[in-house]
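Read off the chains here:
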Amino acid sequence: MTTISAYYDVETLRREYPLAQIVAASGVALRPVGARRHKGRCPFHDDRQPSFLVYDDDQHFHCFGCGAHGDVIDFVRRRLDLSFVDACAWLAGQPAPSVRQVQPAGRPPGERRWDRLTLDEQVVMNMAGALYHDRLWHTPHALAYVRSRGLPNWVIRDGRLGYADGHSLATFLRRRFSLALAQRLGLLRRARGDDALGPSDEFLAGRIVVPELRGGQCVWFIGRALDDAKGPKYLALPGERPVLGYARVAGQREAFLCEGVFDYLTAVSWKLPAFSPCGTHLSADRLGFLARARVVYGVLDGDAAGQEASARFAEQLGARWQPLPLPDGCDLNDLARRPDGRAEFFELLHAARVARGKEADGGG
Ligand SMILES: [Zn+2]
């Protein structure tokens, strides 16, 4: 155990290490909003629309997505997963004021790759997945929500869908395993205070949890809020998003790229080989798993972001790419909940298959 005899003057640290510079040095791109504020993507949740604000006047940050909040010491603690004293030591060890060049030590949580878990981490992920799944079956309003989205029980079971009730995970893990690991994975967030094993919050509290399964193991979770009024619709464990449904499509001849999580689950319920980037972005260096697909059907939203994504995928996937625009600009889950939605979709798909067949004949 290291003896820390240094005394840190917290006020001096706050004054000498401007929060905006420390945030920027840790790899968060900030842009000014007005004279004394800066905005960027939150490093503590999967942030699509810059929700993270830094205020120069009182040197604090606040995220309007996940609620992260604090001063420069809080920021360093969370960003580098350090104790209060270690965060002060880390700051004091930075050459002030030219902190711009400083690379933070340790692994920023934002850089986690979910296809690389240690044995212990995977055990904790599996336990969390099992607990969430159990909670879903025992939480009537959460189960009612999933059913209202048209998903049958076998999809809930096979897809190991879950529900994070906000309090069971810490209790469950305390009995069995390391809470610190769950914090490192982002499943639990340390509540205020220095005690690493003190009370903590479930990151995905109040959400339907959809895991990415690899070999039957949960490697990642994304959560859909039951109540749209409470925070962002979706929260995902931070880091590089794995492709949701990878194992369903890797090596298949046909694949369905679905923009949304529930669109993907709808396609799964129709027994289609579907996957989702959980959004519209999937970089070219991650498309290799589609190499054997003759066709990748694009089931994207009809909005500007969906159209832009379609153009991008067309460029990356070439002749494999086949957008399937849905009627009235609705998404697949909306369509599925219309009386003839399923039939309508399979007619569209049939027409697209016939058209591709003719093209192939004409070209051959
Ligand atoms: Zn946030």
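Owing to the predicted nature of the structure, the values given are computational and were not obtained by experimental measurement.

Undergrad: Just give me the short version of the overall build of the protein, but keep the residues and values in it.
TA: Across its full length, the protein holds 14 helices and 15 strands. Buried residues in the protein amount to 49% of all 364 residues. Of the contacts made within the protein by residues no fewer than 6 positions apart, 59% connect residues no fewer than 24 positions apart. As displayed, the protein has an accessible area near 17,600 Å², and 51% of this comes from carbon and sulfur atoms.

Undergrad: Which residues make up the pattern of salt bridges, and what values go with them?
TA: Scanning the model with the defined rule gives 15 salt bridges in all. Put simply, arginine 353 and glutamate 254 hold a salt bridge, and the shortest N to O gap is 2.8 Å. Pair noted here: arginine 353 is in helix H14 (residues 341-363) and glutamate 254 is in strand E12 (residues 254-258), with a separation of 99 residues, a long-range link. By sharing partners, the salt bridges in this structure join Asp46, Arg48 and Arg241 into a single network.

Undergrad: Can you lay out the confidence of the model for the protein for me, pointing to particular residues and giving the numbers?
TA: Averaged over every residue, the pLDDT of the protein is 85; residues scoring 70 or more account for 88%. In the model of the protein, strand E8 (residues 200-202) stands out as the element of lowest mean pLDDT, 76, in contrast to strand E13 (residues 274-275), which has the highest, 98. Predicted confidence for residues 193-199 stays below pLDDT 50, and this span has twelve contacts to residues more than four positions away or in other chains.

Undergrad: An account of the pairing of strand E14 (residues 295-299) is needed here, citing residue identities and associated values.
TA: Looking down a regular strand, the side chains alternate between one sheet face and the other. Of all five residues in E14, five are buried, a share of seventy percent or more. Note that E14 and strand E15 (residues 321-323) share three bridges and pair parallel. The residue of E15 that forms the bridge with tyrosine 297 is glutamine 322.

Undergrad: Which residues make up the side chain of histidine 45, and what values go with them?
TA: By secondary structure assignment, the location of histidine 45 is in the loop between strand E2 (37-40) and strand E3 (52-55). Each residue touching histidine 45, except ones within four places of it in the same chain, is listed here: Ser51, Cys63, Gly65, Cys66, Phe203 and Leu235.

Undergrad: Kindly report on the coordination of the zinc ion, identifying the contributing residues and their values.
TA: Taken together, the protein ligands of the zinc ion are Cys42 (SG), His45 (ND1), Cys63 (SG) and Cys66 (SG), with distances of 2.1 to 2.3 Å. Geometry at the zinc ion is tetrahedral, judged from its four donor atoms and the angles of 104 to 116° they form at the metal. Of note, the donors binding the zinc ion are all from one chain and are spaced C-x2-H-x17-C-x2-C. Of this pair, histidine 45 sits in the loop between E2 and E3 while cysteine 66 sits in the loop between strand E4 (60-63) and strand E5 (69-70), and the two are 21 residues apart along the sequence. For histidine 45, a relative accessible area of 5% translates into the label buried.

Undergrad: Explain the packing of aromatic side chains residue by residue, including any values.
TA: Taken as a whole, this structure holds 16 aromatic pairs when the rule is applied. On the numbers, 5.3 Å between centres and 85° between planes, the contact of phenylalanine 275 with phenylalanine 289 is edge-to-face. Here the residue phenylalanine 275 occupies a position in strand E13, and phenylalanine 289 occupies one in the loop between E13 and E14, the gap between them amounting to 14 residues. Residue phenylalanine 275 is classed as buried on the basis of its relative accessible area of 0%. Under the relative-accessibility criterion, phenylalanine 289 is labelled buried at 9%. Taken together, Phe256, Trp270, Tyr297, Phe345 and Phe346 form an aromatic cluster joined through their ring pairs. Over the ring of tryptophan 114 we find arginine 112; its NZ or CZ atom is 5.0 Å from the centre of that ring. Cation over ring: arginine 224 sits above tyrosine 234, and NZ or CZ is 5.6 Å from the ring centre.

Undergrad: Tell me what's going on with the side chain of glutamate 202, and back it up with residues and numbers.
TA: Tracing the chain through its elements places glutamate 202 in strand E8. At 8.6 Å, arginine 135 is the nearest oppositely charged side chain to glutamate 202, a buried residue that forms no salt bridge. Here leucine 169 takes part through its backbone nitrogen, which lies 2.9 Å from a polar atom of the side chain of glutamate 202. With residues near it in sequence (within four places) discarded, glutamate 202 still touches Tyr132, Ala164, Asp165, Gly166, His167, Ser168, Leu169, Leu187 and Leu188.

Procedures and definitions
- Residues numbered from 1 in each chain as written.
- Predicted model: local features only at pLDDT ≥ 70, side-chain atom pairs only at ≥ 80, totals over all residues.
- Heavy atoms only, no water.
- Helix = DSSP H or I, 4+ residues; strand = E, 2+ residues; numbered from the N terminus.
- Buried < 20%, exposed > 50% of the residue type's maximum accessible area, 1.4 Å probe, protein only.
- Contact = heavy atoms within 4.5 Å.
- Areas by Shrake-Rupley, 256 points an atom, 1.4 Å probe, with all protein chains shown as cover.
- Salt bridge = Lys/Arg side-chain N within 4 Å of Asp/Glu carboxyl O.
- pLDDT = per-residue confidence, 0-100.
- Pairing = 2+ DSSP bridges.
- Donors = N, O, S within 2.8 Å, 3.2 Å for Na, K, Ca; no water.
- Tetrahedral: all angles 85-135°; square planar, octahedral: opposite > 155°, others 65-115°.
- Phe/Tyr/Trp six-rings, centres within 6.5 Å; stacked < 30°, edge-to-face > 60°.
- Lys NZ or Arg CZ within 6 Å of the ring centre and 35° of its normal.
- Lys, Arg positive; Asp, Glu negative; His and termini not counted.
- Polar contact = N/O pair within 3.5 Å; in protein donor to acceptor, adjacent residues only side chain to side chain.

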